[in-house]
Amino acid sequence: MPTSASRLLLLLPTTTYRTQAFVEAATKLAVDLVCASERPSTLEALAPESLVTLDFGDPLASAEAVARFARQRPIDAVVAVDDLTTVVAAAISHRLGLKANSLPAASVTRDKHAMRRCLASAGVSVPRFRLVKLADEPAALAEDVDYPCVLKPLALSASRGVIRANDAREFVIAFRRIAAILERAGTELPDEARRALLVEEFIPGREFALEGLLVGGTLHVLALFDKPDPLDGPFFEETIYVTPSRLPETAQARIAAVTGDACGALGLTEGPIHAELRLNERGPFILEVAARSIGGLCSRTLRFGTGLSLEELIISHALGRPLESLERERRAAGVMMIPIPRAGRLVAVRGVEEAGAVDGIDEVAITMHPGQDVVPLPEGWQYLGFIFARADTPAAVEEALREAHTRLSFDIG
Ligand code: ADP
């Protein structure tokens, strides 16, 4: 145990799957942890040195609050968990003089329109896009769009509210459906994000996710995931991620290069990034770059060097500690985010043991519990759970995940 442990501030949104993984990593690295959340914790009075309540919607006020806290207990690094806290992490880091992404760079990644404009003007390949106001008449807008197109909210994540439209009639239906989602999301979103949405050219092709770590402005690719299920809409449910990618090296290098260009254009310089791209005969297109690590429980697929977790890498980097290795283990690994087949109340989950017994399956983690309301896309954002596999080849990983999934059954009432 080091004599004076480093102190890490972890910014935890109320709805995140990622707390446990980061807390475990901090413990393993013998780091003093301070957790910030939006809801005052009943434990805060008992542990004022390790719990802070912040208003994540007000980055500057949060930065001041943390600066006051840090006078007594200096903070050495700040880590954002999930999309909702990346901007506030940048503001706090700046206030404390820590090396991190700038506030403008983090803010651009949280606004899909600003991100598209920034990338397009830097010459990075993105879908053609157009901002439309929710106050506008959708039937009139629909006349002036090339099909197929994708409509999406400016500031939601996990594919929530992202809908493909093939013609004017589908455009109007999708537009109204997104308007209703934004109405319900209410004050959790900034004003602009409640008043407009993005209409984009639909980019055909295979989809990939790149997990990276920026160190002093240089992008290190930690893993490139294939998404073997076609994502053609109308909704875009994530299912299987498998790494290493089965793409030829040259195509992987092009994906890495365009992602690096995108980070540069956005001004991202430090910490984890998670990018989504499509690849077709026109080359790779950036769909999104987020200044955070992979969501859900998916980071369990990744191990580095002598067995470090992704969260250990992220925390070590944030603290400026030497990074032992950014090399992922050699075995193929993958995850299936278990989709919600229909809306209702989860009554029971069967077959977990049978699914876990499939060759190559590491773990079946059911994250929703009986009695819980389950909401599929485009309104929902959660998964029933996650299946993890490791095997000698990416194809064997994919097969194991599919086989395990067939052994699960969900009773939704
Ligand atoms: P979110 O941040 O909510 O995940 P994205 O903009 O990344 O939203 O879109 C979610 C998914 O929708 C993507 O991973 C992709 O499968 C699909 N998608 C989004 N935009 C397009 C597009 N222009 N063309 C094709 N597919 C798209």
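Predicted, not measured: the structure shown is a model, and the values here were computed from it.

Enquirer: Describe the layout of surface pockets, listing the residues and the values that go with them.
Expert: Here the second largest pocket defines a volume of roughly 460 Å³. Leu-222, Pro-244, Gln-252, Glu-327 and Arg-328 are, among the 18 residues lining the second largest pocket, the residues nearest its centre. Broken down by secondary-structure element, the contributors of at least two residues to the lining of the second largest pocket are strand S10 (218-227) and helix H9 (249-266). A per-class count over the lining of the second largest pocket returns 10 nonpolar, three polar and five charged.

Enquirer: Explain the side chain of Arg-110 to me, and be specific about the residues and the numbers.
Expert: Within the secondary structure, Arg-110 is located in the loop between helix H4 (103-109) and helix H5 (112-121). One buried charged residue, Arg-110, remains without a salt bridge, the closest side chain of opposite sign being Asp-83 at 4.3 Å. Non-local contacts of Arg-110, meaning those with residues more than four positions away in its chain, are made with Asp-83, Leu-84, Thr-86, Val-87, Leu-154 and Ala-155.

Enquirer: Describe the pairing of strand S8 (residues 196-201), with residues and values.
Expert: Summarising burial for S8: six of the six residues are buried, a large majority. Pairing analysis gives five bridges linking strand S5 (residues 129-133) to S8, with the strands arranged antiparallel. Looking at the pairing, Leu-131 lines up with Leu-198 of S8. Note: strand S6 (residues 149-153) against S8, five bridges, orientation antiparallel.

Enquirer: A description of the packing of H5 against H9 should follow, citing residues and the corresponding values.
Expert: Axis separation between H5 and H9 bottoms out at 9 Å; the angle between their running directions is 110°. Judged by the angle between their axes, H5 and H9 are roughly perpendicular. For the pair H5 and H9, contact is made by Met-115, Cys-118 and Leu-119 and by Ala-262, Ala-265 and Leu-266, respectively. Class assignment of the residues belonging to the contact of H5 with H9 gives a composition of six nonpolar, no polar and no charged.

Enquirer: Account for the pattern of salt bridges, with residues named and values stated.
Expert: Applying the stated criterion across every chain, the model contains 32 salt bridges. The shortest N-O distance in the salt bridge between Arg-402 and Asp-229 comes to 2.8 Å. With Arg-402 in helix H12 (residues 394-406) and Asp-229 in the loop between S10 and strand S11 (240-243), this pair connects stretches of sequence that are 173 residues apart. Under the relative-accessibility criterion, Arg-402 is labelled partly exposed at 30%.

Enquirer: With reference to specific residues and values, describe the nonpolar core.
Expert: One finds Leu-8, Leu-10, Ile-315 and Phe-386 to be the most contacted residues of the largest nonpolar core, which totals 36 residues. Contributing elements (two or more residues each) for this core: strand S1 (7-11), helix H1 (19-28), strand S4 (77-80), strand S9 (206-215), S10, helix H10 (310-318), strand S14 (332-338) and strand S18 (385-391). Counting residues per element, this core draws most heavily on H10, which supplies four residues. Residues from two domains meet in this core; each of domain 1 (7-108) and domain 3 (332-413) gives at least three. With sequence-adjacent residues up to four places away left out, Leu-8 is seen in contact with Ala-26, Val-31, Asp-32, Leu-33, Val-34, Ala-77, Val-78, Val-79 and Ile-315. Grouped together as the second largest cluster of nonpolar side chains are 26 residues, Ala-142, Leu-151, Val-172 and Ile-181 included.

Enquirer: Describe the site of the ligand, naming the residues involved and giving the relevant values.
Expert: Surveying the vicinity of the ligand reveals 20 residues, the closest of which are Lys-112, Lys-152, Ser-159, Glu-207 and Glu-288. Take Glu-200: an N or O atom from its side chain is 2.8 Å from a nitrogen atom of the ligand. Glu-207 is positioned such that a nitrogen or oxygen atom in its side chain is 2.5 Å from an oxygen atom of the ligand. For the ligand, the accessible surface in isolation is 550 Å², of which the surrounding protein chains cover 97%. Secondary-structure elements contributing two or more residues to the shell around the ligand are S6, S8 and strand S13 (283-290). Of the residues assigned to the shell around the ligand, the class counts are 10 nonpolar, two polar and eight charged.

Enquirer: I'd love a proper account of unusual backbone geometry, names of residues and values included.
Expert: Cis geometry marks the peptide bond from Tyr-147 to Pro-148; its omega dihedral reads -5°. Along the chain, Pro-148 turns up in the loop between helix H6 (138-142) and S6. Here the residue pair Leu-377 and Pro-378 is connected by a cis peptide bond, since its omega of 5° sits within 30 degrees of zero. With respect to the helices and strands, the residue Pro-378 is situated in the loop between strand S17 (373-374) and S18. With phi around 65°, Ser-159 is a residue other than glycine that occupies positive phi space. Structurally, Ser-159 can be placed in the loop between S6 and strand S7 (163-165).

Enquirer: Any details on the environment of Thr-86? Residues and values, ideally.
Expert: Structurally, the position occupied by Thr-86 is in helix H3 (residues 86-96). With relative accessibility at 5%, the residue Thr-86 sits in the buried group. For the pair Thr-86 and Thr-109, spaced 23 residues apart in sequence, the C-alpha to C-alpha distance is 8.9 Å. Not counting residues up to four positions away in its chain, the partners in contact with Thr-86 are Ala-80, Ala-106, Arg-110, Ala-291 and Arg-292. Polar contacts involving the side chain of Thr-86 include one to the main-chain carbonyl oxygen of Asp-83, which spans 3.1 Å.

Enquirer: Could you give an account of the sheet that holds strand S19 (residues 409-412), naming the residues involved and the relevant values?
Expert: Read across the open sheet, the three strands follow the order S17-S15-S19; overall the sheet is antiparallel. Taken across any chain shown, the strands that pair with only one partner, and hence form the sheet edges, are S17 and S19. Of the strand pairs in this sheet, strand S15 (residues 344-350) and S17 are connected by two bridges, and their pairing is antiparallel. Following the sheet pairing, Gly-344 is matched in S17 by Val-374.

Enquirer: I'd like a description of the packing of helix H2 (residues 59-72) against H3, backed by residues and values.
Expert: One way to put it is that H2 packs onto H3 with a least axis distance of 8 Å and a crossing angle of 45°. By the angle between their directions, the pair H2 and H3 is classed as oblique. Where H2 crosses over H3, the two elements pack in a sense that is right-handed. Contact residues: H2 offers Pro-59, Ser-62, Ala-63, Glu-64, Val-66, Ala-67 and Ala-70, while H3 offers Val-87, Val-88, Ala-91, Ile-92, Arg-95 and Leu-96. Residues of the contact of H2 with H3, tallied by class, amount to 10 nonpolar, one polar and two charged.

Cut-offs applied
Residues numbered from 1 in each chain as written. Predicted model: local features only at pLDDT ≥ 70, side-chain atom pairs only at ≥ 80, totals over all residues. Heavy atoms only, no water. 1 Å grid on protein atoms, 1.4 Å probe; cavity = no way out; pocket = protein on both sides within 12 Å on 5 of 7 lines; lining within 4 Å. Points joined across faces, edges and corners; volume = space filled by probe spheres on them. Helix = DSSP H or I, 4+ residues; strand = E, 2+ residues; numbered from the N terminus. Nonpolar A, V, L, I, M, F, W, Y, C, P; charged D, E, K, R; others polar. Buried < 20%, exposed > 50% of the residue type's maximum accessible area, 1.4 Å probe, protein only. Lys, Arg positive; Asp, Glu negative; His and termini not counted. Salt bridge = Lys/Arg side-chain N within 4 Å of Asp/Glu carboxyl O. Contact = heavy atoms within 4.5 Å. Pairing = 2+ DSSP bridges. Axes fitted to C-alpha atoms, helices over the stretch in contact; angles between N-to-C directions. Parallel < 35°, antiparallel > 145°, perpendicular 65-115°, else oblique. Core = buried A, V, L, I, M, F, W, Y, C linked by side-chain atoms within 4.5 Å. Domains from an automatic or database assignment. Near = heavy atom within 4 Å. Polar contact = N/O pair within 3.5 Å; in protein donor to acceptor, adjacent residues only side chain to side chain. Areas by Shrake-Rupley, 256 points an atom, 1.4 Å probe, with all protein chains shown as cover. Left-handed = near helix turned anticlockwise from the far one by under 90°.

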